[in-house]
Amino acid sequence: MTMRAGQAGQAEQTGQTGQTVERVALPRARPPDLRMLLLGGAAWGAALAARAIGWWALLGTVAVGVLVWLCVRRRGPGALRTTAAVVLVTLAVGAVAAARHEQVARSPVARLAAEGAAVRVVGTVSADPRRTEGRFGDVVLVRLDVREVTGRGTTYALRAPVLVLADDDWADLPLGATVDASGRLSPAEGDDLAAVLGARGPPVVVAGPDVWWDAAAAVRASIRDSVAHRPDAQRALVPALVDGDDAEVDDALADDFRTTGLTHLLAVSGTNLTLVVGFLLVLARWAGLRGRLLYVVGAGGIVGFVLLARTEPSVLRAAVMGTVALFAMGTEGRERGSRALGVAVLALVLMQPGLAASPGFALSVLATAGILLLAPGWRDALARWLPRWAAEAVAVPAAAQLACTPVVAALSGQVSLVAVAANLAAAPVVGPATVLGLGGGLTGLVWPWGGRLLGTLAGWCVAWLVVVATRGATLPAAAIDWGTGASAVIVLTLLVAGVALAGPWLLRRRSTGLACCALLVTTVLVRLPTPGWPPEGWVLVACDVGQGDALVLNAGPGAGVVVDAGPDPGAVDGCLDRLGVESVPLVVLTHFHADHVDGLSGVLDGRSVGAVETTRLLDPPAGVREVETVAGDAGLAAGPAPYAATRRVGEVTFQVLWPPADSPTTGPGDGSTANEASVVLLVEVRGLRLLLSGDVEPEGQAALAQALPGLRVDVLKVPHHGSRYQDEDWLLSLGARVAVVSVGADNDYGHPATETLAPLEAAGTEVLRTDLDGDIAVVERGGDLLTQTH
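Cut-offs applied
- Residues numbered from 1 in each chain as written.
- Predicted model: local features only at pLDDT ≥ 70, side-chain atom pairs only at ≥ 80, totals over all residues.
- Heavy atoms only, no water.
- Helix = DSSP H or I, 4+ residues; strand = E, 2+ residues; numbered from the N terminus.
- Buried < 20%, exposed > 50% of the residue type's maximum accessible area, 1.4 Å probe, protein only.
- Contact = heavy atoms within 4.5 Å.
- Areas by Shrake-Rupley, 256 points an atom, 1.4 Å probe, with all protein chains shown as cover.
- Disulfide = S-S within 2.5 Å.
- Patch = residues over 30% accessible without salt bridge, like charges linked within 9 Å, V, L, I, M, F, W, Y side chains within 5 Å.
- Salt bridge = Lys/Arg side-chain N within 4 Å of Asp/Glu carboxyl O.
- Pairing = 2+ DSSP bridges.
- Axes fitted to C-alpha atoms, helices over the stretch in contact; angles between N-to-C directions.
- 1 Å grid on protein atoms, 1.4 Å probe; cavity = no way out; pocket = protein on both sides within 12 Å on 5 of 7 lines; lining within 4 Å.
- Points joined across faces, edges and corners; volume = space filled by probe spheres on them.
- Nonpolar A, V, L, I, M, F, W, Y, C, P; charged D, E, K, R; others polar.
- Parallel < 35°, antiparallel > 145°, perpendicular 65-115°, else oblique.
- Core = buried A, V, L, I, M, F, W, Y, C linked by side-chain atoms within 4.5 Å.
- Phe/Tyr/Trp six-rings, centres within 6.5 Å; stacked < 30°, edge-to-face > 60°.
- Lys NZ or Arg CZ within 6 Å of the ring centre and 35° of its normal.
- Polar contact = N/O pair within 3.5 Å; in protein donor to acceptor, adjacent residues only side chain to side chain.

I keep staring at the overall build of the protein and nothing clicks. Help me out?
Across its full length, the protein holds 25 helices and 28 strands. The buried share of the protein, taken over its 790 residues, is 47%. Contacts in the protein between residues at least 24 apart in sequence constitute 69% of all its contacts with a sequence separation of at least 6. As displayed, the protein has an accessible area near 37000 Å², and 60% of this comes from carbon and sulfur atoms.

Given below as C-alpha cells:
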C-alpha cells in the first residue's frame, strides 16, 4: 500500500515472500500555531507606535489593515479572520496606550509639575524605598501611587504614579503604607510617571499596609535572617535569587554576573515563579491533591510569589512569563506555550502599555520565545549524537541567550561569549538554592534554627554561582565590545537570525557541532587582538565608561597611570584590558563622587597597583568609604596627592595644580563641595602638555587662571563632563588643540552643554566626546598631535 507523508499508525505491506509486515510511520513534527504570537506582536507594535506618535498610530493601523486585506482576501476565510483580528487588536491596544499616555501627560499632577508647584500629596507606597547615590550624596527613591494632590489652592482626586526623591526619613516606609507628604513637583521623563516630587521633610503615615503586605515583609525579612550568618556574597545573593531583593549585592559581583549572562538570577524572573510554583505542585501531588485542586494550588502560589516579590511591573511581567513556562511543561508544550506567550504579551501591553518600551519586557518575551521556538529544533539536532538530557540542557540556555543577544548588545554594547556555558554550569544549583532559600524564610518564621539550617544549604548552592560568575568574568574574552548604534544592532540582529536558521543544520552532525563548540571555546580563552588599538604612540586614552571619568596615561609598555575610575568596574577594566595595561604604578582619584571612584575595583582587578592618591577633601563619606574599602582589600592605603610637587612615573611627568595645600579636608557631608576640590593635573608625555581638570568648578578655574597666567596646553580634559558652569575665558586662554569630554549618553544632567563646547570649536579646538566617539586616544606620532577613537 502507499503511505502518505506524515501519516501515523500501522500499515501493511506485502513483500516478495508474500508475508505481511507492519511498518510504523512516525508523525512529522507539526510547526507551532503562530497566530496568537502574531496577535501579541501586533499589540506590542501598536503600543510602541502609540507611544511614539499618539493617535496617529490608529490611522496608520487602519491604512495598513486595508492594504493587507486587499492582499489576502483571496486566500480564504482563515486569512481574513486573522487579518481582522490583528487589525482589531492593534486598534484596541493603540487606543488604550494613547489614552493612557494622554491621561498621564495631561493630569493635574503633570500640569503642576510643569509649573514647578509646591504641593501636598496623599498616596500609597507602591515599591520598596531604594537608596541610590545622587550628585550630592545618597538619595532615597520611593514610588507613590498618588490619590490626592493639593497645589495652587486646589485639591484634585486622581490616580497618578509619582517618583519621590527624599532623604533617610523615607527609607523605612513599608510597602502599601498610605502617606501624606509635601514637596515640589518637577516633570518626569517617560510616560510611566506623571511627575517627580522633591520631598520636604518626613512623610506622615496615614494608614499602615494591609495584612498581606505585612506577611510578605515578614517572609522577606526571615529569608534575610536565615542567611545572615553566611559570607557577604551568599548573604546578598540568596534573597536576590528568591525574591529579587538585591539591595546588598556588591557592584563588582553584579558586574561579573552581567558579563557572564547571569544577571537574570539577581532579579525576579519567570524562572523564579516556575521553580516555586512547580515545587508547590510537586508537594500538592505528594499530599494526594489532584484535578482542579492543583489549579488552586498553582494560582495560590502565583499570587503568593507576586506578593513576596512585590507587585511592580517587572514582577508582574516575570509572573506572567513564568505562567507561560508552566503551560509549556504539559503535553503539547510547544503549541500551548506559544499560544500562552501570545496571550501574555497581548494582556500585558493592554494593561500596562508602558511595558512595550521596557528592556526587561523585551528580554523576557524574547527569552521565552527563543525557548519555545528555537530550542526544540536545536535539541533534536543535538540529540542525534548527544543524550537527550544533555541536548536539552545545552539547547535551552543557548536559544534564550541567542534571542536576547541584540537587545542586550543595544543596552550594554557587549556580546557575552560565556553566557551559555555559565548558565549551563549554574543551572544545577538554581532550583535547589531558590527552593531552599524560600524554605528557610518560611521555616524561620516558626523555627529560626531550622530556617538557618536551610539558609546554610541555600548559601552553599549560591557559592557555586559566585564561582561561576567571578571565574567566567575573568576569562580573556568573556564578552566582546559591539556597540549600541543602530547599524551595529542591525548587523548583530542579522547575524543572530543567520545563526538561528543555520543552528539545527550545524548541530545535527557531530563533526560540525564539535567544531562550533571548539571555535567558541577558543574565542573565549584566547583574547583576540583589536586591529589598530591601542594606536601606536598613544599618550592619553579617555575610556568610555558612561557618565563619569576614567583616563589612562601611557607610562610605558604594559603600564598606565589611571586618573579616575568611572562609575562601573567592568567598564574601566575592559578599557584597560583593551590597552594591554597590566601594571598601574599610580591611581589618582580627583574627588570622591561615585562617577569617579566606584570603578576602582575594576582598575585593581588582576593588575599590580603601586599607589592610590586622592583629593584632600574627604567628602562625600560614601565615596571615601568605598575607596578605603577597595584599596584596603588590595593592601593599599589611599592618601592625598601632594600639591605642587613635580613627579615622574615611567614616561609620565605631572604636577598637582589644585587643590592648594591649605584647602579644607572636611566637607558638609553631602558632597556638594567635592567638585571644587577636584585634583587638577598638568601632565607632560612625549612632548605633549595635557591638563586633566576633574570636575573643578568656575571658582577653582578662576583661581588657577590667576595663579598660572599664560598657561598653555595641547590637550584639555573639559571640566565636569562639559557642564555649562565654566570659566569660558580661562578655557579659551589655554589654547588647547584637542578637548576631550568624558560623558555618558542620554545622561540626566544635560552634559555636555552646547554653550561650553561651541566656543571651543569656534576657536579651532577639536572636540571629542566619549558618548559619541567611544574610547578616545590622543596620539603623538613624529611630533604631530593626532586623535583616534574606538
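The rest of the description comes next.
Teacher, can you tell me more about the state of the cysteines here?
By definition, a disulfide links the sulfur atoms of two cysteine residues through a covalent bond. All chains considered together, the criterion is met by one disulfide. The residue that forms a disulfide with Cys543 is Cys575, at a sulfur-sulfur distance of 2.1 Å. The sign of the -70° torsion about the S-S bond sets the Cys543-Cys575 disulfide as left-handed. Highlighted residues: Cys543 in the loop between strand 12 (538-542) and strand 13 (551-556) and Cys575 in helix 18 (residues 569-579), separated in sequence by 32 residues. Exposure class is identical for Cys543 and Cys575. Each is buried.

What should I look at first to understand a nonpolar patch on the surface in this one?
Together, Leu442, Leu445, Val446, Trp447 and Trp449 make up a nonpolar patch on the protein surface, roughly 640 Å² of accessible area in all. The topology assignment puts Trp447 in the loop between helix 14 (419-444) and helix 15 (448-473). Judged by its relative accessible area of 53%, Trp447 falls in the exposed class.

What is the right way to read the sheet that holds strand 22 (residues 680-685) from this model?
Hydrogen bonding along the main chain pairs the strands of a sheet, whether they run parallel or antiparallel. Spatial ordering of the open sheet is given by 20-21-22-23-24-25-26, a layout of seven strands whose pairing is mixed. Looking at which strands have only one partner, the edges of the open sheet turn out to be strand 20 (646-649) and strand 26 (766-769). Each strand of the sheet is rotated relative to its neighbour by a mean of 20°, with strand direction disregarded. Pairing of strand 23 (residues 688-692) with strand 24 (residues 715-717) involves three bridges; the strand directions are parallel.

What exactly am I supposed to notice about the pattern of salt bridges here?
Side chains that differ in charge, positive against negative, can pair when their charged atoms come close. Summed over all chains, the structure comprises 24 salt bridges. We note a salt bridge from Arg130 to Asp246, for which the minimum N-O separation is 3.4 Å. You can see Arg130 sitting in strand 4 (residues 130-134) and its partner Asp246 sitting in the loop between helix 6 (232-243) and helix 7 (251-259), a full 116 residues away along the chain. For Arg130, a relative accessible area of 48% translates into the label partly exposed. Among the salt bridges present, the one from Arg147 reaches Asp145, with a minimum N-O distance of 3.3 Å. When its relative accessible area of 40% is taken as the criterion, Arg147 is described as partly exposed. Taken together, the salt bridges that share partners define one network made up of Arg379, Asp380, Arg388 and Glu392.

Can you walk me through the layout of surface pockets in this structure?
In this approach the atoms are scanned with a rolling probe the size of a water molecule, which exposes any empty space left behind. Reported here for the second largest pocket is a volume of approximately 1400 Å³. Forming the boundary of the second largest pocket are 40 residues, of which Leu417, Val420, Val499, Cys516 and Leu520 lie nearest the centre. Counting residues per element, the ones that place at least two in the lining of the second largest pocket are helix 12 (359-382), helix 13 (388-412), strand 10 (414-416), helix 14, helix 16 (486-507) and helix 17 (510-525). Residue composition of the lining of the second largest pocket, by class: 32 nonpolar, eight polar and no charged.

Is there a simple way to explain the environment of Arg310 in this structure?
Relative to the elements of secondary structure, Arg310 occurs in the loop between helix 9 (292-309) and helix 10 (313-328). Between the alpha carbons of Arg310 and Ala217 there is a distance of 9.6 Å; along the sequence they are 93 residues apart.

It is not clear to me how the pairing of strand 28 (residues 784-789) should be interpreted in this structure. Could you clarify?
Every regular strand shows the same layout, with side chains that alternate between the two sheet faces. One ladder, built from six bridges, connects strand 27 (residues 776-781) with strand 28; its direction is antiparallel. Across the sheet, the residue bridging to Val778 is Thr787, located in strand 28. Remark: two residues form the turn of the hairpin made by strand 27 and strand 28, two consecutive strands paired antiparallel; Gly782 in that turn has positive phi of roughly 60°.

Honestly, the packing of helix 6 against helix 15 in this entry has me stumped. Any pointers?
Helix-helix packing: each pair is described by the crossing angle between the helix axes and the interaxial distance. With their axes 9 Å apart at the nearest point, helix 6 and helix 15 run at an angle of 100° to one another. Taken together, the axes of helix 6 and helix 15 lie roughly perpendicular to each other. Of the residues in helix 15, those in contact with Ala233, Gln234, Leu237, Val238 and Leu241 of helix 6 are Ala458, Gly459, Trp460, Val462, Ala463, Leu465 and Val466. Class assignment for the residues of the contact of helix 6 with helix 15 results in 10 nonpolar, two polar and no charged.

Whenever I open this one, the nonpolar core confuses me. Can you help?
General note: in soluble globular proteins, nonpolar side chains tend to be found buried as a group. Grouped together as the largest cluster of nonpolar side chains are 32 residues, with contacts concentrated most on Val541, Leu579, Val587, Leu589, Leu600 and Val603. Of all the elements, helix 18 adds the most residues to this core, at five residues. Excluding its chain neighbours within four sequence positions, the residues that come into contact with Leu579 are Trp533, Pro534, Trp538, Val541 and Val552. With 31 residues, the next largest nonpolar core counts Val227, Phe257, Val276 and Leu308 among its residues.

I'm lost on the packing of aromatic side chains in this one. Help?
For any pair of aromatic rings, the description consists of the separation of the ring centres together with the inter-plane angle of the planes. The full count for this structure, using the stated rule, is one aromatic pair. Judged by centre distance (5.1 Å) and plane angle (80°), the ring pair of Trp44 and Phe361 falls under edge-to-face. Linking Trp44 in helix 1 (residues 35-53) with Phe361 in helix 12, this pair joins segments that are 317 residues apart in sequence. Stacked on the ring of Trp449, the Lys or Arg Arg452 has its end atom at 5.2 Å from the ring centre.

Sorry if this is basic, but what is going on with the pairing of strand 20 here?
When strand 20 meets strand 21 (residues 652-658), the two strands line up antiparallel, connected through four bridges. Bridging across to strand 21, Arg647 finds its partner in Phe654. Here strand 20 folds back onto strand 21, and the loop between the two strands holds two residues, one of which, Gly650, carries a positive phi near 60°.

Help me out: how do you make sense of helix 7 in this one?
One turn of an α-helix holds 3.6 residues; hence residues three or four places apart share an orientation. Taken together, the buried positions of helix 7 are occupied by Leu253, Ala254, Asp255, Asp256, Phe257 and Thr259. For helix 7, the elements touching its buried residues are helix 6, strand 10, helix 15, strand 11 (479-481) and helix 18.

Explain the packing of helix 7 against helix 15 to me, please; I cannot follow it from the model alone.
Between helix 7 and helix 15, the shortest axis-to-axis distance is 8 Å and the interhelical angle comes to 75°. When the axes of helix 7 and helix 15 are compared, the pair comes out roughly perpendicular. Two secondary-structure elements touch here, helix 7 through Leu253, Asp256, Phe257 and Thr259 and helix 15 through Leu465, Val466, Ala469, Thr470 and Ala473. Of the residues in the contact of helix 7 with helix 15, the class split is six nonpolar, two polar and one charged.

Even after reading the chapter, I still don't get the side chain of Thr405, so can you show me in this structure?
Inspection of the secondary structure puts Thr405 in helix 13. Engagement of the side chain of Thr405 in a polar contact is seen with the backbone oxygen of Gln401, the distance being 2.7 Å. Ignoring sequence-local partners within four residues, the contact set of Thr405 consists of Val415, Leu492 and Val496.

Looking at this model, I keep getting lost on the environment of Gly623. Mind explaining?
Among the secondary structure elements, Gly623 is positioned in helix 21 (residues 621-633). For Gly623, a relative accessible area of 1% translates into the label buried. Sequence separation between Gly623 and Asp595 is 28 residues, and the spatial gap between their C-alpha atoms is 9.6 Å. Filtering out sequence-adjacent residues up to four positions away, Gly623 remains in contact with Phe592 and Val597.

Explain unusual backbone geometry here, please?
Of all residues except glycine, most have a negative phi; of all peptide bonds, most are trans. Backbone torsion omega between Trp658 and Pro659 reads 0°, so that peptide bond is classified as cis. In this model, His751 is joined to Pro752 through a cis peptide bond whose omega is -10°. Looking at the element boundaries, Pro752 is found in the loop between strand 25 (738-741) and helix 24 (754-762). In this model, His720 sits at a positive phi of 50°, which is unusual for a non-glycine residue. Summarising the element assignment, His720 is placed in the loop between strand 24 and helix 23 (728-733). Overall, His720 belongs to the buried group, its relative accessible area being 5%.

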